[in-house]
2 protein chains.
Amino acid sequence: MFRLRQVRIDTLSEHVVFIHEDAVVAGNLGFRPLDRVRVWGRDPRNGGTREIIGVLNFCRDTLVRPDEVGLSEVAFRDLGLEDGSIVQAAHAPAPRSVDLVRSKLWGQQLNEAAFTEILRDVVAHRYSKVELSMFVLACALRPMQLEELVALTKAMIHTGTMLRFPHAPIADKHCIGGVPGNRTTMVVVPILAALGVTVPKTSSRAITSPAGTADTMGVLADVALEPERLYQVIERAGACITWGGALGLAPADDILITVERPMEIDTEAQMVASILSKKKTAGATHALLDIPVGPTAKVRSLEHAQRLAALFQAVARHIDLHLEVAVTEARGPIGWGIGPRLEALDVLAVLDRAIGAPTDLREKSLYLAARILEMIGAVPAGGGYRKAMEALDSGAARAAFQRIIEAQGPQPLPPPAPFCATVPAPTDGRIRSIHCWHMARVAKQAGAPANVSAGVRLLRTVGDIVRQGEPLFEIHALSQAQLDLALEYARSQPELVSFGF
Amino acid sequence: MFRLRQVRIDTLSEHVVFIHEDAVVAGNLGFRPLDRVRVWGRDPRNGGTREIIGVLNFCRDTLVRPDEVGLSEVAFRDLGLEDGSIVQAAHAPAPRSVDLVRSKLWGQQLNEAAFTEILRDVVAHRYSKVELSMFVLACALRPMQLEELVALTKAMIHTGTMLRFPHAPIADKHCIGGVPGNRTTMVVVPILAALGVTVPKTSSRAITSPAGTADTMGVLADVALEPERLYQVIERAGACITWGGALGLAPADDILITVERPMEIDTEAQMVASILSKKKTAGATHALLDIPVGPTAKVRSLEHAQRLAALFQAVARHIDLHLEVAVTEARGPIGWGIGPRLEALDVLAVLDRAIGAPTDLREKSLYLAARILEMIGAVPAGGGYRKAMEALDSGAARAAFQRIIEAQGPQPLPPPAPFCATVPAPTDGRIRSIHCWHMARVAKQAGAPANVSAGVRLLRTVGDIVRQGEPLFEIHALSQAQLDLALEYARSQPELVSFGF
């Protein structure tokens, strides 16, 4: 018998249970660090029992006393009992579904029921970080056939909540990522909204990149909308650009990401299941998928893009989602900015038709908007581009974006980062390509996305002719230490910017 | 700038850095939970800089104040600065060697230099649990050719310290595990010591089993010997039976085990490299490897055992270790007890030639001792068994064991577990086999190895004829809850004991 103690440590996806080592020694509890522990107690409101499963940390501190059990933030919230309640603790066996993960690791295929059992336990925080890693790597390393991938996708759909809208079509877009900047969503959605298309766009925060759409939109507006507020925003503005994590659309995916992020691994199976389940649960009937292809993008050949596109479309058919794929070119970042604030400035420049607005971001956004307008039948084939350009150049898209921001809750633009350094061109020549992955890493070293004002601002881009010593790009950071780290990384990468004709 | 604060939380293999979320908000530090952080400060003793890398946990508690950085036990010890010292903290990039792990995950082979770089970072606690999991699973899931396995083994040898003894031969033995009980080491080593053979035996604690040799020996004697004390024990008793973890022989392996344990995964590559590097660094010139084969053992066919034996021997040749393999039969546990205390009683019974001592443990130990005596040339071929039996039956082995215990430091035998239940035979018949994995799990559910007195005591074993209702085995536990858990598990496994003729 212990007293419950709230320990305000944020361990993200993992429930951590803190026990004083003296309790273990004195009470013969037979616990060892990292053991899985069940903590339970009586709920005085209804007489029922509430319980959680967590991973054990020993302490010798005043953090918890020997007669207390401490729970990390999420564990305490999930147990739902008052601080000081009487609780009990005992060893807990691993969830049975971990055996399924293990069988997948050894090469067995799983069906929808198996994936559902695994994902339910994941969502209930019954998996430790090590077990989450096992599942992610099992999906990454063991080839998945179509049938298995459909099963995983359906299981992801069924473990989340689902948004529903009365009138089809409901449009959506997604980019598989890997291209820094590239904030087309924030231009495409206003264009579509200006033309009366419903777009309940949910985006993720950065996983391995210096900014996700949710991070960049978060600079301008509140993006943490629960379903109720999202419906209100759609009602008022016809569209939204929000963070999917606040909606519980794919709660398993949100937890798996916490181990995928430190792994810096994006796997195809996980990607297909994750993207399509989120489009489906967001209520979309039609979705356009952007697959950028380039020498340093995630996808590096047209053949690979086509294979991936076919896989996405095959799974989409099984979950009754109309999906089209746009294979786009990526020889470097899209737009000038990399990092939430700098990217948001690009978006505003394009929507405002400002001098110096990034042409590549504008053109790519118009192309994607056009494809969506055509696929939902809003315009005849071939008529999308003109329609999209009218919405942008008339200021209608800017006005629609403002309505979206107002509906979600505007945020004051954060100030520029106080530390800035310029990196010069090492040679004369035409910029042939900019290394997506390395340039993203420069921005991350500078502090993006956690520091929203940090990142990289390109001064020249692919196709430009530069002279040696001319400024190529700026690094923005909130501390000299981070600036130095980013500069050092940039200087150590000879492939960062390639020159040639 | 922060003040250093020791946080007495034991996070085992992982360095955890605690920062108050207010510090992040106020100071624009740009940290996110689970980020990797470098903490450094000046060492007043020599003016140098000391640093550690850790994983960030946010807290909102009094655990650390906004102007403090808290470090978990091992992180604080490794930084080596005083509580209250001035330190700084910044983002740290992942160790470069994680890129090597990632390349292995995608199928590339690694060489000795690459493995050494990875293992050095592992030993320096620069890997998070997620990254440790990546490495373990990369080794588990990607087939390793001989050359790569030799490289891994050599890298493990070079990241540890090495024991050295003046006079060859130095004998050693190892069992690949998977058979509950089976505490032959604690009988074989005294027999060899009685005959004047030097055996610096180092063993592991349980990874996925209800007891390792170090857990069982720990019931009778101190097993946490540093190299200096081990040399003293060898000097006095000619042999030892200690816990390898205290010696730093294979520090990387000791850290990898902290994620392997919750995974409940033993992989062949990891096993070969781990076992052979430990034999080599313990100073052995000759080693006998026991591979038990049985329907529920780790190795289930003679072909598999032979393939594994060939792999062990091929790697052993490359590291200049004389290795022989004993393929033994395992149709169930060896000995009566499963769990540290109950196994220790079996060992004492065999050495004391007590009535009711387990015959299977005695016979297997004699066979293994005989093989070792023959392989090191202490007796002519065919003369080992008789020599070993003389040492055992004359009481010389018991006396040698007592010398080893006295030299290591004797421990009082813990009392029996207070809760005990008997499981009856469900049917009449001859016991054909006992399921190794399930019976081990019964003992683990009962609390072994953390509760040293918990476990299973067989009353009947393979080959015995029993009547329905006759007691088959006992479960020992330190609490009613654990006893119930173990009983429930035992009842839910129809394959636990198989009957037939």
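The model shown is predicted, which means the values in this text are computed figures rather than measured ones. (Residues numbered from 1 in each chain as written. Chains lettered and ligands numbered in written order. Predicted model: local features only at pLDDT ≥ 70, side-chain atom pairs only at ≥ 80, totals over all residues. Heavy atoms only, no water.)

Caption draft 1: Inspection of the overall build of chain A at higher detail. In terms of regular secondary structure, chain A is built from 18 helices and 19 strands. Its C-alpha atoms give chain A a radius of gyration of 24 Å, within 12% of the compact-globule value 23 Å for 501 residues. Considering chain A as a whole, with its 501 residues, one finds that 61% of them fall into the buried category. Nonlocal contacts in chain A, meaning residues at least 24 apart in sequence, comprise 79% of its contacts between residues at least 6 apart. Total accessible area on chain A is roughly 18,700 Å²; 51% of this is exposed by carbon and sulfur atoms. (Helix = DSSP H or I, 4+ residues; strand = E, 2+ residues; numbered from the N terminus. Rg over C-alpha atoms; globule rule 2.2 N^0.38 Å. Buried < 20%, exposed > 50% of the residue type's maximum accessible area, 1.4 Å probe, protein only. Contact = heavy atoms within 4.5 Å. Areas by Shrake-Rupley, 256 points an atom, 1.4 Å probe, with all protein chains shown as cover.)

Caption draft 2: Local environment of the sheet that holds strand 18 (residues 471–477) of chain A. Residues and elements named next belong to chain A. Pairing within the open sheet is antiparallel, and its 4 strands lie in the order 13-16-18-14. Lying at the two open borders of the sheet, with one neighbouring strand each, are strand 13 (337–338) and strand 14 (419–424). Where strand 14 meets strand 18, 6 bridges bridge the pair, whose relative direction is antiparallel. Pairing of A421 across the sheet is with I475, part of strand 18. Against the sheet, helix 17 (residues 436–445) touches strand 13, strand 16 (455–458) and strand 18, its axis set at about 125° to strand 16. (Pairing = 2+ DSSP bridges. Axes fitted to C-alpha atoms, helices over the stretch in contact; angles between N-to-C directions.)

Caption draft 3: Seen up close, the packing of aromatic side chains. Counted by the stated rule, this structure contains 4 aromatic pairs over all chains. Centre to centre, the rings of F115 of chain B and F135 of chain B are 6.4 Å apart; their planes meet at 70°, and the pair counts as edge-to-face. Remark: F135 of chain B occurs in helix 5 (residues 129–141) and F115 of chain B occurs in helix 4 (residues 112–123); sequence separation between them is 20 residues. Accessibility assignment for this pair places F115 of chain B and F135 of chain B in one class, buried. Its guanidinium or amino end placed over the ring of W40 of chain A, R38 of chain A lies 4.0 Å from that ring's centre, counting from NZ or CZ. The ring of W243 of chain A has R205 of chain A sitting right over it, with the charged end atom 4.5 Å from the ring centre. (Phe/Tyr/Trp six-rings, centres within 6.5 Å; stacked < 30°, edge-to-face > 60°. Lys NZ or Arg CZ within 6 Å of the ring centre and 35° of its normal.)

Caption draft 4: Structural context of the packing of helix 4 of chain B against helix 6 (residues 146–158) of chain B. Residue and element names in this part refer to chain B. Axis separation between helix 4 and helix 6 bottoms out at 8 Å; the angle between their running directions is 40°. In terms of their interaxial angle, helix 4 and helix 6 are classed as oblique. Considering only the axes of helix 4 and helix 6, their crossing is right-handed. Contacts between helix 4 and helix 6 involve E112, F115, T116 and L119 on the former and, on the latter, E148, A151, L152, K154, A155, M156 and H158. Looking at the contact of helix 4 with helix 6, its residues break down into 6 nonpolar, 2 polar and 3 charged. (Parallel < 35°, antiparallel > 145°, perpendicular 65-115°, else oblique. Left-handed = near helix turned anticlockwise from the far one by under 90°. Nonpolar A, V, L, I, M, F, W, Y, C, P; charged D, E, K, R; others polar.)

Caption draft 5: Looking closely at the interface of chain A and chain B. Tallying the contact residues gives 56 residues for chain A and 56 residues for chain B. Here chain A and chain B share an interface that buries about 5,200 Å² over both sides, 59% of which is from carbon and sulfur atoms. Taken together, chain A and chain B are joined by 0 salt bridges. Taken together, chain A and chain B are joined by 2 residue pairs in polar contact (both at pLDDT 80 or more). Of all elements in the fold, only strand 2 (9–10), strand 5 (49–59), helix 3 (97–105), helix 5 (129–141), helix 10 (251–263), helix 17 and helix 18 (480–491) of chain A reach the threshold of two or more residues within the side of chain A that touches chain B. (Buried area = accessible area lost by both parts, 1.4 Å probe. Salt bridge = Lys/Arg side-chain N within 4 Å of Asp/Glu carboxyl O. Polar contact = N/O pair within 3.5 Å; in protein donor to acceptor, adjacent residues only side chain to side chain.)

Caption draft 6: Molecular detail of the pattern of salt bridges. Residue and element names in this part refer to chain A. Under the defined criterion, the tally for this structure stands at 55 salt bridges over all chains. The closest approach of N and O atoms between E73 and R8, which form a salt bridge, is 3.6 Å. Taken together, the residues E73 in helix 2 (residues 73–79) and R8 in the loop between strand 1 (2–6) and strand 2 connect sequence positions 65 residues apart. Linking R77 and D78 is a salt bridge whose minimum nitrogen-to-oxygen distance equals 3.1 Å. Classification of R77 as exposed rests on a relative accessible area of 58%. Residue D78 is classed as partly exposed on the basis of its relative accessible area of 21%. Linked through salt bridges whose partners overlap, the residues forming this network are R5, R65, D67 and E68.

Caption draft 7: Summary view of the relation of the copies chain A and chain B. Overlay of chain A on chain B (RMSD 0.1 Å): rotation 180°, translation along the axis 0.1 Å. The symmetry that links the two subunits is that of a two-fold axis. By residue overlap, the copies meet face to face through one surface: 100% of the interface positions of chain A are interface positions in chain B. (Least-squares fit on C-alpha atoms with pLDDT ≥ 70 in both.)

Caption draft 8: Inspection of unusual backbone geometry at higher detail. The omega torsion across A448 of chain A and P449 of chain A is 0°, close enough to zero to call that bond cis. Within the secondary structure layout, P449 of chain A lies in the loop between helix 17 and strand 16. For H125 of chain B, which is not a glycine, the phi torsion comes out positive at approximately 60°. Locating H125 of chain B in the fold gives a position in the loop between helix 4 and helix 5. Although it is not a glycine, D320 of chain B adopts a positive phi angle of roughly 60°. As for its placement among the helices and strands, D320 of chain B is situated in the loop between helix 12 (302–318) and strand 12 (322–329). Taking relative accessible area as the criterion, D320 of chain B reaches 63% and is therefore assigned exposed.

Caption draft 9: The arrangement of the packing of helix 7 (residues 185–194) of chain A against helix 16 (residues 396–408) of chain A in detail. Residues and elements named next belong to chain A. Remark: helix 7 packs on helix 16, axes separated minimally by 8 Å, with the N-to-C direction vectors making an angle of 100°. One element, helix 7, and the other, helix 16, form an angle in the roughly perpendicular class. Contacts between helix 7 and helix 16 pair M186, V189, P190, I191, A193 and A194 from the former with A396, A397, A400, F401 and I404 from the latter. Partitioned by chemical class, the residues of the contact of helix 7 with helix 16 number 11 nonpolar, no polar and no charged.

Caption draft 10: Here's a closer look at helix 10 (residues 251–263) of chain B. Look at helix 10 of chain B: 19 Å from first C-alpha to last across 13 residues, which is about the 18 Å you get at 1.5 Å a residue. At I257 of chain B, helix 10 of chain B is bent by approximately 30°, the largest bend along its length. Taken as a whole, helix 10 of chain B has its buried residues at P251, A252, D253, I255, L256, I257, T258, V259, E260, R261 and M263 of chain B. Buried residues along helix 10 of chain B sit in contact with helix 3 and helix 5 of chain A together with helix 4, helix 5, helix 6 and helix 11 (268–281) of chain B. Remark: E264 of chain B follows helix 10 of chain B within two positions and exhibits a positive phi of approximately 50°. (Expected span 1.5 Å × (residues − 1). Bend = angle between axes of the 7 residues up to and from the residue.)

Caption draft 11: Local environment of the sheet that holds strand 19 (residues 497–499) of chain A. With antiparallel pairing, the 3 strands of this open sheet are ordered in space as 17-15-19 (chain A). Two strands close off the open sheet at either side, each with one partner strand: strand 17 (465–466) and strand 19 of chain A.

Caption draft 12: Examining the environment of L302 of chain B more closely. All names here are of chain B. Topologically, L302 is positioned in helix 12. Assessed through its relative accessible area of 46%, L302 is described here as partly exposed. Here L302 is in contact with V293 and V327, once residues within four sequence places are set aside.

Caption draft 13: Representation of the side chain of T328 of chain B. Residues and elements named next belong to chain B. Within the secondary structure, T328 sits in strand 12. Take T328: its relative accessible area is 10%, and that puts it in the buried class. Within the local environment of T328, its side chain forms a polar contact with the side chain of D290, the two groups lying 2.7 Å apart. Excluding its chain neighbours within four sequence positions, the residues that come into contact with T328 are D290, I291, P292, V293, K364 and Y367.

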